[in-house]
Amino acid sequence: MLLIHCPYCDEERPELEFRHAGEAHIERPTDIKSISDEEFMKFFFLRDNPKGVAYERWRHMHGCGRFFNAVRDTVSDKFVMTYEAGKPRPDGDELRAKSKETNQ
Ligand SMILES: [Zn+2]
């Protein structure tokens, strides 16, 4: 069973308690009425969909109910780390350190 760490509950919980909520760190345009249809299309539909490290939003639906962010390797399907929503995207050094922890 896949376990996911909720950064708010600070517990590893079964994946059945969680729901994927799309790509993380998507910024809504500040003046969305004034952007072009093409700019809106890019904001609303286009996602990175990387092969490898992906930044995702998740929600602990059957726990605290809160949204948080996760770094997941889409090739291995392993979570590298999770962190609270609103925190900056982890940098390369932090990811490498967490990746070593999860692969030991
Ligand atoms: Zn939680």
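Just above, that's the structure.
Fair warning: this is a prediction, and the values are worked out from it, not measured in the lab.

**Student:** Please explain the overall build of the protein as it appears in this structure.
**Tutor:** The helix and strand inventory of the protein stands at two helices and six strands. When the helices and strands of the protein are placed in sequence order, the string is β-β-β-α-β-β-β-α. A principal-axis box enclosing the C-alpha atoms of the protein has dimensions of 50 × 30 × 20 Å. With 104 residues in all, the protein has 12% of them scored as buried. In the protein, of all internal contacts separated by at least 6 residues, the share reaching a separation of at least 24 is 50%.

**Student:** Is there a simple way to think about the environment of E12 in this case?
**Tutor:** Take E12: it is sitting in strand 2 (residues 11-14). Judged by local crowding, E12 falls into the exposed class, with 12 C-beta atoms found within 10 Å. The contact partners of E12, leaving out residues within four places of it in the chain, are L3 and H5.

**Student:** Teacher, can you tell me more about the pairing of strand 5 (residues 67-73) here?
**Tutor:** Consecutive residues of a regular strand have side chains that alternate between opposite faces of the sheet. Most of strand 5 sits out of view: five of its seven residues are buried. Where strand 4 (residues 53-59) meets strand 5, seven bridges bridge the pair, whose relative direction is antiparallel. Paired with A54 across the strands is R72, a residue of strand 5. Pairing analysis gives six bridges linking strand 5 to strand 6 (residues 78-84), with the strands arranged antiparallel. Bridged to N69 within strand 6 is Y83. Connecting strand 5 to the antiparallel partner strand 6 that follows it, the hairpin turn spans four residues, and D77 within it adopts a positive phi of roughly 65°.

The rules behind each value
- Residues numbered from 1 in each chain as written.
- Predicted model: local features only at pLDDT ≥ 70, side-chain atom pairs only at ≥ 80, totals over all residues.
- Helix = DSSP H or I, 4+ residues; strand = E, 2+ residues; numbered from the N terminus.
- Buried ≥ 20, exposed ≤ 12 C-beta atoms within 10 Å, placed from the backbone.
- Contact = placed C-beta atoms within 7 Å.
- Pairing = 2+ DSSP bridges.

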